[in-house]
Amino acid sequence: MEHKGTKTIKTKRLVLRPFKPEDAEKMFLNWANDPEVTRYLTWDAHKDLDETRSALSTWVQSYEEESYYHWAIEFEGEPIGGIGLANVSDIDCKAYIGYCLGRAFWNKGFMSEALEAMLDFLFLEVGFNKLSAFHDTENPASGRVMEKVGMKQEGILRQEKRKRDGRFADMRLLAVLQEEWKSR
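Residues numbered from 1 in each chain as written. Predicted model: local features only at pLDDT ≥ 70, side-chain atom pairs only at ≥ 80, totals over all residues. Heavy atoms only, no water.

**Student:** Please clarify how the pattern of salt bridges should be interpreted in this entry.
**Tutor:** When the charged atoms of two side chains lie near each other, side chains of opposite charge can form a pair. Taken as a whole and judged by the stated rule, the model has 16 salt bridges. One salt bridge connects E74 with R17, and the closest N-O pair in it is separated by 2.5 Å. Of this pair, E74 sits in strand β3 (residues 70-75) while R17 sits in strand β2 (residues 14-18); the two residues are 57 residues apart in sequence, bridging distant segments of the chain. Both residues of the pair, E74 and R17, belong to the buried class. Salt-bridge contacts for E180 lead to K152; the nearest nitrogen and oxygen are separated by 3.4 Å. Of the two residues, E180 is situated in helix α5 (residues 178-183) and K152 in strand β7 (residues 152-162); the sequence distance between them amounts to 28 residues. Owing to a relative accessible area of 47%, K152 belongs among the partly exposed residues under this scheme. When salt bridges that share partners are traced, they join D136, E138, K163, D165 and R167 into one network. (Salt bridge = Lys/Arg side-chain N within 4 Å of Asp/Glu carboxyl O. Helix = DSSP H or I, 4+ residues; strand = E, 2+ residues; numbered from the N terminus. Buried < 20%, exposed > 50% of the residue type's maximum accessible area, 1.4 Å probe, protein only.)

Right, here's the structure in full:
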């Protein structure tokens, strides 16, 4: 793999770009403060703008690492969500994808457009071999985004994650391989 960091990517409607401190207010208003958006995520909705600023500060510092991939999804000049990688493995040439999008922007094809552009960059320019993503089985909309770009189910991990309400969630794992991506 040849890490390139979080480079700006343009699609038909979107710009995927590194987050910046000035994104705090729009991030907070568009998605970070919404418990419905964060319902299936690993982090709680932000209580105030300072919490969003703190998260952004950490992310911005992380851009110094060439193997850090985390984009703001921008539509019409405004950040509407985020998409990135976790658990990047140079040895296995793989990582896990995570994303979230403001509720006002759901069901408009934005996330699949962003995910497709990100996969293109990560497979064709960086050289990942496999990219995977999980979704809570109670959140099938997230799975449809993954399927729409060609990710295939690898299995269901039973009671894999404890939810904030104490219940355990079954997580569905999907993935796509570089060879599949190139041949589509």
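There's plenty left to go through after this.
**Student:** Just checking my understanding: could you explain the pairing of β3 for this structure?
**Tutor:** Each regular strand displays side chains that alternate between the two surfaces of the sheet. The element β3 is largely enclosed, with a buried count of 6 among its 6 residues. Of the two faces of β3, the one holding H70, A72 and E74 and the one holding W71, I73 and F75 are both buried throughout. As paired elements, β2 and β3 share 5 bridges and run antiparallel to each other. Bridged to P18 within β3 is W71. Two strands pair when backbone bridges link them, and β3 and strand β4 (residues 78-89) are joined in this way by 6 bridges, in the antiparallel orientation. Within β4, the residue paired with F75 across the bridge is E78. Taking the residues that link successive antiparallel strands as the turn, the β3-β4 hairpin has 2 residues, and the phi of E76 there is positive, at about 50°. (Pairing = 2+ DSSP bridges.)

**Student:** Looking at this model, I keep getting lost on the packing of helix α3 (residues 110-126) against helix α4 (residues 140-148). Mind explaining?
**Tutor:** The relative placement of two packed helices comes down to the angle between their axes together with the axis-to-axis distance. Following both chains from N to C, one finds α3 and α4 inclined at 45°, their axes separated by 9 Å at the closest point. As summarised for this structure, α3 and α4 are arranged oblique, according to the angle between their axes. Relative to α4, the crossing made by α3 is right-handed. Contacts from M111, S112 and L115 in α3 reach V145, M146 and K148 in α4. The class makeup of the residues in the contact of α3 with α4 is 4 nonpolar, 1 polar and 1 charged. (Axes fitted to C-alpha atoms, helices over the stretch in contact; angles between N-to-C directions. Parallel < 35°, antiparallel > 145°, perpendicular 65-115°, else oblique. Left-handed = near helix turned anticlockwise from the far one by under 90°. Contact = heavy atoms within 4.5 Å. Nonpolar A, V, L, I, M, F, W, Y, C, P; charged D, E, K, R; others polar.)

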